[in-house]
Amino acid sequence: MDAKARNCLLQHREALEKDIKTSYIMDHMISDGFLTISEEEKVRNEPTQQQRAAMLIKMILKKDNDSYVSFYNALLHEGYKDLAALLHDGIPVVSSSSGKDSVSGITSYVRTVLCEGGVPQRPVVFVTRKKLVNAIQQKLSKLKGEPGWVTIHGMAGCGKSVLAAEAVRDHSLLEGCFPGGVHWVSVGKQDKSGLLMKLQNLCTRLDQDESFSQRLPLNIEEAKDRLRILMLRKHPRSLLILDDVWDSWVLKAFDSQCQILLTTRDKSVTDSVMGPKYVVPVESSLGKEKGLEILSLFVNMKKADLPEQAHSIIKECKGSPLVVSLIGALLRDFPNRWEYYLKQLQNKQFKRIRKSSSYDYEALDEAMSISVEMLREDIKDYYTDLSILQKDVKVPTKVLCILWDMETEEVEDILQEFVNKSLLFCDRNGKSFRYYLHDLQVDFLTEKNCSQLQDLHKKIITQFQRYHQPHTLSPDQEDCMYWYNFLAYHMASAKMHKELCALMFSLDWIKAKTELVGPAHLIHEFVEYRHILDEKDCAVSENFQEFLSLNGHLLGRQPFPNIVQLGLCEPETSEVYQQAKLQAKQEVDNGMLYLEWINKKNITNLSRLVVRPHTDAVYHACFSEDGQRIASCGADKTLQVFKAETGEKLLEIKAHEDEVLCCAFSTDDRFIATCSVDKKVKIWNSMTGELVHTYDEHSEQVNCCHFTNSSHHLLLATGSSDCFLKLWDLNQKECRNTMFGHTNSVNHCRFSPDDKLLASCSADGTLKLWDATSANERKSINVKQFFLNLEDPQEDMEVIVKCCSWSADGARIMVAAKNKIFLWNTDSRSKVADCRGHLSWVHGVMFSPDGSSFLTSSDDQTIRLWETKKVCKNSAVMLKQEVDVVFQENEVMVLAVDHIRRLQLINGRTGQIDYLTEAQVSCCCLSPHLQYIAFGDENGAIEVWNWQLDKCIFLRGHQETVKDFRLLKNSRLLSWSFDGTVKVWNIITGNKEKDFVCHQGTVLSCDISHDATKFSSTSADKTAKIWSFDLLLPLHELRGHNGCVRCSAFSVDSTLLATGDDNGEIRIWNVSNGELLHLCAPLSEEGAATHGGWVTDLCFSPDGKMLISAGGYIKWWNVVTGESSQTFYTNGTNLKKIHVSPDFKTYVTVDNLGILYILQTLE
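Thresholds, definitions, all that
Residues numbered from 1 in each chain as written. Predicted model: local features only at pLDDT ≥ 70, side-chain atom pairs only at ≥ 80, totals over all residues. Heavy atoms only, no water. Helix = DSSP H or I, 4+ residues; strand = E, 2+ residues; numbered from the N terminus. Buried < 20%, exposed > 50% of the residue type's maximum accessible area, 1.4 Å probe, protein only. Contact = heavy atoms within 4.5 Å. Areas by Shrake-Rupley, 256 points an atom, 1.4 Å probe, with all protein chains shown as cover. pLDDT = per-residue confidence, 0-100. Pairing = 2+ DSSP bridges. Salt bridge = Lys/Arg side-chain N within 4 Å of Asp/Glu carboxyl O. Core = buried A, V, L, I, M, F, W, Y, C linked by side-chain atoms within 4.5 Å. Patch = residues over 30% accessible without salt bridge, like charges linked within 9 Å, V, L, I, M, F, W, Y side chains within 5 Å. Lys, Arg positive; Asp, Glu negative; His and termini not counted. Charge placed at Lys NZ, Arg CZ, Asp CG, Glu CD. Axes fitted to C-alpha atoms, helices over the stretch in contact; angles between N-to-C directions. Phe/Tyr/Trp six-rings, centres within 6.5 Å; stacked < 30°, edge-to-face > 60°. Lys NZ or Arg CZ within 6 Å of the ring centre and 35° of its normal. Polar contact = N/O pair within 3.5 Å; in protein donor to acceptor, adjacent residues only side chain to side chain. Parallel < 35°, antiparallel > 145°, perpendicular 65-115°, else oblique. Left-handed = near helix turned anticlockwise from the far one by under 90°. Nonpolar A, V, L, I, M, F, W, Y, C, P; charged D, E, K, R; others polar. Expected span 1.5 Å × (residues − 1).

Draft legend 1. Layout of the overall build of the protein. Broken down by element type, the protein carries 33 helices and 60 strands. Scored against the burial criterion, the 1163 residues of the protein give a buried share of 57%. In the protein, the proportion of contacts linking residues at least 24 apart, taken out of those at least 6 apart, comes to 53%. On the protein, roughly 49500 Å² of surface is accessible, and the fraction owed to carbon and sulfur atoms is 47%.

Draft legend 2. Looking closely at the confidence of the model for the protein. Overall, the predicted model of the protein reaches an average pLDDT of 82, with 87% of residues at or above 70. Summarising per-element confidence for the protein, the mean pLDDT is lowest in strand β30 (residues 831-835) (50) and highest in strand β16 (residues 671-676) (95). Note on residues 95-105: pLDDT under 50 across the span, and 18 contacts to partners over four residues away in sequence or across chains. For residues 791-795, every residue scores under 50 in pLDDT, and the model assigns this stretch ten contacts once sequence neighbours within four places are set aside.

Draft legend 3. Quick look at the pairing of strand β54 (residues 1097-1100). The pairing of β54 with strand β55 (residues 1106-1110) spans four bridges and is classified as antiparallel. Residue pairing for β55: phenylalanine 1100 is matched across the bridge by leucine 1107. Between β54 and β55, which pair antiparallel in sequence order, lie five residues; one of them, glycine 1104, sits at a positive phi of approximately 75°.

Draft legend 4. The pattern of salt bridges, seen in detail. This structure, assessed with the given rule, holds 34 salt bridges. Measuring nitrogen to oxygen at the nearest pair gives 3.2 Å for the salt bridge that ties glutamate 690 to lysine 288. Separated by 402 residues along the polypeptide, glutamate 690 in the loop between β17 (681-685) and β18 (691-695) and lysine 288 in helix α15 (residues 288-299) bring together distant segments of the chain. By relative accessible area, which is 30% here, glutamate 690 ends up partly exposed. The class of lysine 288 is partly exposed, set by a relative accessible area of 31%. With a shortest N-O distance of 2.9 Å, aspartate 995 and lysine 983 are connected by a salt bridge. You can see aspartate 995 sitting in strand β45 (residues 992-997) and its partner lysine 983 sitting in strand β44 (residues 981-986), a full twelve residues away along the chain. Residue class for aspartate 995 comes out partly exposed when judged on its relative accessible area of 32%. Via salt bridges that share partners, Arg215, Glu222 and Arg226 belong to a single interconnected network.

Draft legend 5. Up close: the nonpolar core. Ranked by internal contacts, the top residues of the largest apolar core, which has 132 residues, are Leu386 and Phe418. With ten residues, helix α25 (residues 480-493) is the largest single contributor of residues to this core. Those residues in contact with phenylalanine 418, other than ones at most four positions away along the chain, are Leu375, Ile379, Tyr382, Tyr383, Leu386, Leu423 and Leu424.

Draft legend 6. Main features of the side chain of arginine 1067. The residue arginine 1067 is located in strand β52 (residues 1066-1070) in this model. In this structure arginine 1067 touches Gly1040, His1041, Leu1057, Ala1058, Thr1059, Leu1076, His1078 and Leu1079, once residues within four positions along its chain are discounted.

Draft legend 7. Summary view of a negative patch on the surface. Judged by side-chain charge, Asp534, Glu535, Asp537, Glu542 and Glu546 come together as a negatively charged surface patch. Residue position: aspartate 537 is located in helix α29 (residues 530-555).

Draft legend 8. Structural detail: the sheet that holds strand β57 (residues 1124-1128). Reading across the sheet, the four strands line up as β54-β55-β56-β57 and stay open at both edges, with antiparallel pairing between neighbours. The open sheet has two free edges, formed respectively by β54 and β57, since each of these has just one partner strand. Here the strands of the sheet are splayed against their neighbours by 15° on average, with no regard to which way each runs. Note that strand β56 (residues 1114-1118) and β57 share four bridges and pair antiparallel. Bridge pairing links tryptophan 1116 to glutamine 1126 in β57.

Draft legend 9. Quick peek at the packing of aromatic side chains. Counted under the stated rule, the structure contains 25 aromatic pairs. Between phenylalanine 1015 and phenylalanine 1029 the ring centres are 5.1 Å apart and the planes differ by 45°, which places this aromatic pair in the tilted class. Of the two residues, phenylalanine 1015 is situated in strand β47 (residues 1014-1019) and phenylalanine 1029 in the loop between β48 (1024-1028) and β49 (1036-1038); the sequence distance between them amounts to 14 residues. Taken individually, phenylalanine 1015 and phenylalanine 1029 each receive the classification buried, so the pair is uniform in this respect. Each ring, one from phenylalanine 1128 and one from tyrosine 1157, has its centre 6.0 Å from the other, and the planes form 75°; the classification is edge-to-face. Residue phenylalanine 1128 is found in strand β57, and its partner tyrosine 1157 is found in strand β60 (residues 1156-1161); the two are separated by 29 residues along the sequence. The aromatic ring of tyrosine 436 is capped on one face by lysine 394, whose charged end is 5.1 Å from the ring centroid. The ring of tryptophan 1117 carries the charged tip of lysine 1115 above its face, separated from the ring centre by 5.7 Å.

Draft legend 10. Representation of the environment of glutamate 645 within the structure. Examined against the element boundaries, glutamate 645 turns out to sit in the loop between β13 (638-643) and β14 (649-654). Each C-alpha atom, one on glutamate 645 and one on glutamine 628, is 7.2 Å from the other, the two residues being 17 residues apart in sequence. Aside from chain neighbours lying at most four places away, what touches glutamate 645 is Ile523, Val527, Arg530 and Leu609. A distance of 3.1 Å separates polar atoms of two side chains, one belonging to glutamate 645 and the other to arginine 530.

Draft legend 11. Local environment of the sheet that holds strand β23 (residues 746-751). With antiparallel pairing, the four strands of this open sheet are ordered in space as β23-β24-β25-β26. Across the chains shown, the open sheet's two edge strands, defined by having one partner strand only, are β23 and β26 (777-782). The average angle at which neighbouring strand axes cross in this sheet is 20°, direction not considered. Looking at chain direction, strand β24 (residues 757-762) and strand β25 (residues 766-771) are connected through five bridges and run antiparallel. When the bridges of β25 are listed, leucine 757 appears paired with aspartate 771.

Draft legend 12. Geometry of the packing of helix α9 (residues 130-141) against helix α10 (residues 160-167). Here α9 crosses α10 at 60°, and the two axes come no closer than 9 Å. With respect to their mutual orientation, α9 and α10 come out oblique. In this structure, α9 meets α10 at a crossing whose hand is right-handed. When α9 is examined against α10, the residues Leu132, Val133, Ile136 and Gln137 are found in contact with a partner set consisting of Leu163, Glu166 and Ala167. Classifying every residue of the contact of α9 with α10 by side-chain character gives five nonpolar, one polar and one charged.

Draft legend 13. Summary view of helix α13 (residues 220-234). With 15 residues, α13 extends 20 Å between its outermost C-alpha atoms, agreeing within 8% with the 21 Å of an ideal straight helix rising 1.5 Å per residue. Residues of α13 that are buried make contact with β2 (182-188), α12 (192-206), β3 (239-245) and α14 (248-253). Between a side-chain oxygen at the N-terminus of α13 and the backbone nitrogen of glutamate 221 the separation is 3.2 Å; the capping residue is asparagine 219.

Draft legend 14. Structural context of helix α5 (residues 49-61). Look at α5: 19 Å from first C-alpha to last across 13 residues, which is about the 18 Å you get at 1.5 Å a residue. Every buried residue of α5 is accounted for by Ala53, Met55, Leu56, Ile57, Met59, Ile60 and Leu61. Residues of α5 that are buried sit in contact with α1 (3-11), α2 (13-19), α3 (22-32), α4 (37-44) and α6 (65-77).

Draft legend 15. Broad picture of the side chain of serine 1051. Structurally, the position occupied by serine 1051 is in the loop between β50 (1045-1050) and β51 (1056-1061). A polar atom in the side chain of serine 1051 sits 3.4 Å from the backbone nitrogen of threonine 1055. Apart from residues lying up to four places away in sequence, serine 1051 is in contact with His1010, Leu1056 and Phe1100.

Draft legend 16. How the structure looks around the environment of alanine 631. Relative to the helices and strands, alanine 631 resides in strand β12 (residues 629-634). Judged by relative accessible area, which is 0%, alanine 631 ranks as buried. C-alpha separation for the pair alanine 631 and alanine 664, spaced 33 residues apart in sequence, amounts to 7.5 Å. Each residue touching alanine 631, except ones within four places of it in the same chain, is listed here: His620, Ala621, Cys622, Leu639, Gln640, Val641, Cys663, Phe665 and Ile672.

Draft legend 17. View of the environment of valine 982. If you trace the backbone, valine 982 turns up in strand β44. For valine 982, a relative accessible area of 0% translates into the label buried. Put simply, valine 982 and valine 997 are 15 residues apart on the chain and 6.6 Å apart in space, counted from C-alpha to C-alpha. Excluding anything up to four places from it in sequence, valine 982 contacts Leu974, Ser975, Trp976, Lys994, Asp995, Phe996, Cys998, Val1003, Cys1006 and Phe1015.

Draft legend 18. Region of the structure containing the packing of α6 against helix α7 (residues 81-88). Where α6 contacts α7, the axes come no closer than 8 Å and their chain directions differ by 150°. Considering their axes alone, α6 and α7 lie roughly antiparallel with respect to each other. Helix-helix and strand crossings are classified by hand; for α6 and α7 the assignment is left-handed. Listed contacts from α7 to Tyr68, Phe71, Tyr72, Leu75 and Leu76 of α6 are Lys81, Ala84, Leu87 and His88. Its residues placed into classes, the contact of α6 with α7 shows seven nonpolar, one polar and one charged.

Okay, structure coming up:
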């Protein structure tokens, strides 16, 4: 240290030791890098304040010139201006070429200039925001020595002052642009006398040798003139920094033809002054990483070691620099209070989060309150109205036009005043403006105006009702999305229970809202406001929630289904059904087509929720340990996390480079593991979505992963196509154990509830149980054997056991194979139940933590939640899809075979069943007067059975399996087969009368014209043909389809033929000349066929104006326009046949879940 500086410090040592408080001064010196933590500790250990000061000065005397400057600056900053003045003469003379300081990268020249100008030191904990600092420096350099203004503006506590000080902490900027120095004035909220005092102090600082005047200016005008002369003559090319300017009249007093940098919450303050103006807006958030960095510096921990609450604090305050710094400073003194300060934030207890030494307001709420008080009296109430806004919600101008009953321009003017004062933020997207509050402002407003909130919510509802009807909102209205998302919230907050029930129990509202935003948000509202909705009628509330939960996968799709038709499929006691029926009857009078499912009471719904979170097959889904969340993954390479009760999305992560095959929550719910075709296993933070670990030891794709059930020693098991299972310890980088014994891919693994056993399923058809400690095999169950015994006779059939799940007590294990789900008792190995609901392969099954429900995931892009009790009690009969139907007057008689091979006759109206015999059939047929039953088998034979006389005739002649047949008049039968032929038989004698060789490939279908002179045939060779019974060559060959032609149908007058193919396309032809007349089923908006896959059956109405088709679902078409009139979604899919009554009013089909549908048009 220079002798001059040292002597000055020794000379005034006594005065310094008597007056200074060391703690805040040491903070500044530590942040500058001139005092160490251990030195600070040494000072703090001294018993009295004076001894602590003496110890600090003793240390400074042993240090260098820079330490003296840092001490001097700290005194200025902490308000010891008289003591700093004593040390001023001793400030060492430093040249501008001094080397940069190794800690902060700031030269001694910079330190001296800023110290003399009263620029605040860096905060004790400082994290740079380079982008913003550079932006301020660029704007300052644009002034080029000429008078002008650079404004830094942003909301309270966003770090404006720190950024202003940091921008001038730059050697080249000061030397090149402001060689005359920098002068900092903390302005704040002032009256005229306060402002005069600020100006007098500034003039005194600028004229220390009193060369211009011996006395202080007496008024603001005189002070303004004095300031202008001093800046022009004594301090040319210097920068004046005005911190925290509130009013434009205050700014005018400093308008003295100099270069000014100012910080403010109100960017309009410079409107009253002249000259070049530049603005730097400051975001209210530091960003997550910067926020965590600040906390880690305060508590002296690594960022990675910060507790979970640190992430929550940043999230809760949206990374506000002020809040993060305040809480960081508090945590430095009380390191165990993470949870406490997080709760204060969550409970909006801002007064508990008190000031740090460097902030001008007592607590956070005071900083925000002052901003609001500064508003004009005539607009304060409008700001109070914003208390009803929710966090993270951008509100269109139109909503506030309705709330305040004003024109758009008037509203925008008021809101712009709030934006200028950093009390509101504006997102300008093209022409539309959307406004939003920072989370802290929302919290502040709701706490401040808590007694008025109910009335404020009531006000917005009342205003909404003046302008809109809920279900008539149009998607092209600017405010439409806001009302769909928040109308129910405002009603509930206003305690308008009657209005809320009327809204939520309205099928019109549900239709309008789901069409626009999907069903998950509505289900969330039914859960959120259940306590209110149940007051009116809990059964009605359940009806609507169940309707949305079970149809969610349909309501989220395009084209949007007819919600009235979906409602008609609900139980007749349901409020949804009753509203749908009422609407349907009104629309039927206007020519609309609706269908009643008349035998639906025989169907029990086993699922509780159906969601569709992925854009491709879902390979796995699992519950969190608390049962609140579900994680899922699939072919779209993503990991999705959503709420278990409502299906609302919480996280979406692009998890791997290839398909993600499995995911699993850890027992403490902190982690989610994923594994993929890319051979990697990854561990993620379940709340934030951050990647924690990556493991890469399997040599093939990794198919499954599962954590142990105990969290004190967390292990992860993985299974791969390399036939191995591996065990991983999260604290180690390498695999702990490898298990081998499967002879094919390991598809799934699960620890038993006590972690002693690990179950694994494989493509080798077995389920194996392993000892988790020794890695030895304990038991093996051959699941393939069960399938062979059950229904599929072929010995070489491949049965891949996809997955398994233990029940909580370890007594049962659930297994999925093909599209079936089995429940086994682990001791007796007996099957308890099975259930069907998915339309394709089931990839994953899992019990909820309490065992009351389980979820399944499938190729059909859906995840289903099932109720275990319902499934275990369910003994529904599942029919095969090969059925025949006879319509007699008001009777509907259905001939069908069930899953245990019983042939039965079902009365469609009464549900009465007559069991006839056991049979292994590929197709069956019933004669019009119920006298004959015919069925074909896999060997190509047809059996015709007079079941009343118990007589049989066998028709043998086909070389391959009989595809199907029709009973004709005059005791004739038409059959077609995989061998490409169509044959006509006499069923009295059993003789073959005609043999048509129709196609090269399989004959997929035939239809007979109503005049019985012609028949059609369709084939896998992409053609259809029209034949005469009298000729062995076709009349017409119909070409143009791009897929297998799977079905055909003649119109009643035999002039038209419709054909349908595997691409969902339907073509209508002229029978007499073979010309194409119309195309139905054009592609939908999403690029997938509107038919949902193959068209498998067709039928014309008697007048030839309508056509019905079956496939993924049932559709009715207008033959003339080619447009769809109605769609009926079955629970399953892949309908093979649709049977239609002669009057075109009753329809019968069976889906691939074995459910029988008897539908009738609503009159």
